[in-house]
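Working through the structure, step by step
If you want the building blocks of each chain, they are given just below.
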Amino acid sequence: EHNHGRIEFKDVTFRYEGAEKPVLKKISFTAMPGETTAIIGSTGSGKTTVLQLIPRFYDVESGEILIDGQDIKNIKQSTLRSKIGYVPQKASLFSGTIFENIAFGKEDATEEEIYTALKTAQAFDFVEKRGKGIHSTLEQAGVNLSGGQKQRLSIARSLVRKPQIYLFDDSFSALDYKTDRILRDALKSETAEATLIIVAQRVNTVKDAEKIIVLNEGEVAGIGTHAELLENNKIYQEIVAS
Ligand code: DGT
Ligand code: MG
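The present account deals with the structure reproduced in this document. (Residues numbered from 1 in each chain as written. Chains lettered and ligands numbered in written order. Predicted model: local features only at pLDDT ≥ 70, side-chain atom pairs only at ≥ 80, totals over all residues. Heavy atoms only, no water.)

What follows covers the site of ligand 1. Close to ligand 1 lie Tyr16, Val23, Ser42, Thr43, Gly44, Ser45, Gly46, Lys47, Thr48, Thr49, Gln89 and Gln201, which account for all nearby residues. Within the contact set of ligand 1, an oxygen atom lies 2.5 Å away from a side-chain nitrogen or oxygen of threonine 43. Contact between ligand 1 and glycine 44: an oxygen atom at 2.9 Å from a main-chain N or O atom of the residue. Of the residues belonging to the shell around ligand 1, the class tally is two nonpolar, nine polar and one charged. (Near = heavy atom within 4 Å. Polar contact = N/O pair within 3.5 Å; in protein donor to acceptor, adjacent residues only side chain to side chain. Nonpolar A, V, L, I, M, F, W, Y, C, P; charged D, E, K, R; others polar.)

Ideal geometry at a metal gives 109.5 degrees between four tetrahedral donors and either 90 or 180 degrees between six octahedral ones. Around the magnesium ion (ligand 2), the protein contributes the donor atoms Thr48 (OG1) and Gln89 (OE1), at 2.0 to 2.3 Å from the metal centre. Highlighted residues: threonine 48 in helix H1 (residues 47–53) and glutamine 89 in the loop between strand S6 (84–87) and strand S7 (96–97), separated in sequence by 41 residues. In this structure threonine 48 comes out as partly exposed when scored by relative accessible area, which is 22%. The exposure class assigned to glutamine 89 is partly exposed, which follows from its relative accessible area of 43%. (Donors = N, O, S within 2.8 Å, 3.2 Å for Na, K, Ca; no water. Helix = DSSP H or I, 4+ residues; strand = E, 2+ residues; numbered from the N terminus. Buried < 20%, exposed > 50% of the residue type's maximum accessible area, 1.4 Å probe, protein only.)

Okay, the pairing of strand S11 (residues 211–216) next. Burial analysis of S11 places five of its six residues in the buried class, which makes it a mostly covered element. For strand S3 (residues 36–40) and S11, the ladder comprises four bridges, and the chain directions are parallel. Note on S11: the bridge partner recorded for isoleucine 40 is valine 214. Of the pairings in the sheet, the one linking S11 to strand S12 (residues 219–224) comprises five bridges and is antiparallel in character. Bridge assignment links asparagine 216 to a residue of S12, and that residue is glutamate 219. The antiparallel hairpin formed by S11 and S12 contains two residues in its connecting segment, where glutamate 217 sits at a positive phi of about 45 degrees. (Pairing = 2+ DSSP bridges.)

The description of an aromatic ring pair rests on the distance of the ring centres and on the angle between the ring planes. A complete count under the given rule lists nine aromatic pairs for this structure. Ring geometry for tyrosine 16 and tyrosine 58: centres 5.2 Å apart, planes at 85 degrees, overall edge-to-face. Taken together, the residues tyrosine 16 in the loop between strand S1 (7–14) and strand S2 (24–31) and tyrosine 58 in the loop between H1 and strand S4 (62–67) connect sequence positions 42 residues apart. Here tyrosine 16 falls in the partly exposed class, since its relative accessible area comes to 25%. Centre to centre, the rings of tyrosine 115 and phenylalanine 124 are 5.7 Å apart; their planes meet at 70 degrees, and the pair counts as edge-to-face. (Phe/Tyr/Trp six-rings, centres within 6.5 Å; stacked < 30°, edge-to-face > 60°.)

Here's what the structure looks like:
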C-alpha cells in the first residue's frame, strides 16, 4: 500500500515539563513506508524523545508531526496507537508465560502468530529450549533472561500486532553483530510495507538503512545514507571512528 505510515517531523521543538531548555530543536525529517529510517547520536541527544513524540506520549511545543499528511493531534489516540508498534529502550516484560507476554496488546493472538513473531525476532530457538516452550513462565518479569533475549521478546510482541509503523529504541544493542543482522533482515522482509524507525548507537546497525538521521544535542546534524554521511558529516565520522 502506498503512503501508509509516512511520518513527517516539521520543525519540531519539544521541552520536558519544567525544563529550562528544549531537548529537541526544530527537528525535521521524513520516514517513508517500506524504508528503514535510522536515528543515531550520542547518549542524551534526544533519540528516545523523538520516538516518544510519535505515539503522543508528549506533545510538541512547536512545529508538527504528520502521519500520511495528517497532524497527529487530529488523530484519535486509540487510532494513532493502533498504527504504531513501539519497542521501548527498556523491555517491559511481566511475570507470566512467554505466550502472554508476546500476546500483550493482541490478546486474541493464536499460537501460530506467536511462533511466527518469535521466529522473525530470532527468539524461537531459545524459547523452544525452555521446558514448556511458549507456555513457560517468565519468573519475576524475566530475571533469568539475558538482555538480548528480552529485546527479542519485546520485538516479537510488536510484530504480533502488525502495525504500520515500528519504532525500535535501541532494540538491537544487546545482540551480537550476526544476530543483529539476521534479525533486521528478517524484520525487513516480514514488515516489507511498514515504516521502520530504528534508534541505535552503533554504526553497524544503521549503515544499511535507506536514511540515517544524525542527532546531536537535540538537533538534526545531518541526514543521508551511510556513504553520504561518511563523506560529508563530521559528527557521523566521529561516531564511525569511535
Ligand atoms: P540514550 O538513550 O542514553 O542514548 O539517550 P537519548 O538520545 O535517547 O536521549 P533522551 O531522548 O532520552 O534524552 C534527551 C534529553 O532529555 C536528555 O538531556 C535527558 C532529557 N530527558 C529525557 N527524559 C526526560 C524526562 O522525562 N524529563 C526531563 N525533564 N528530561 C528528560
Ligand atoms: Mg534513549
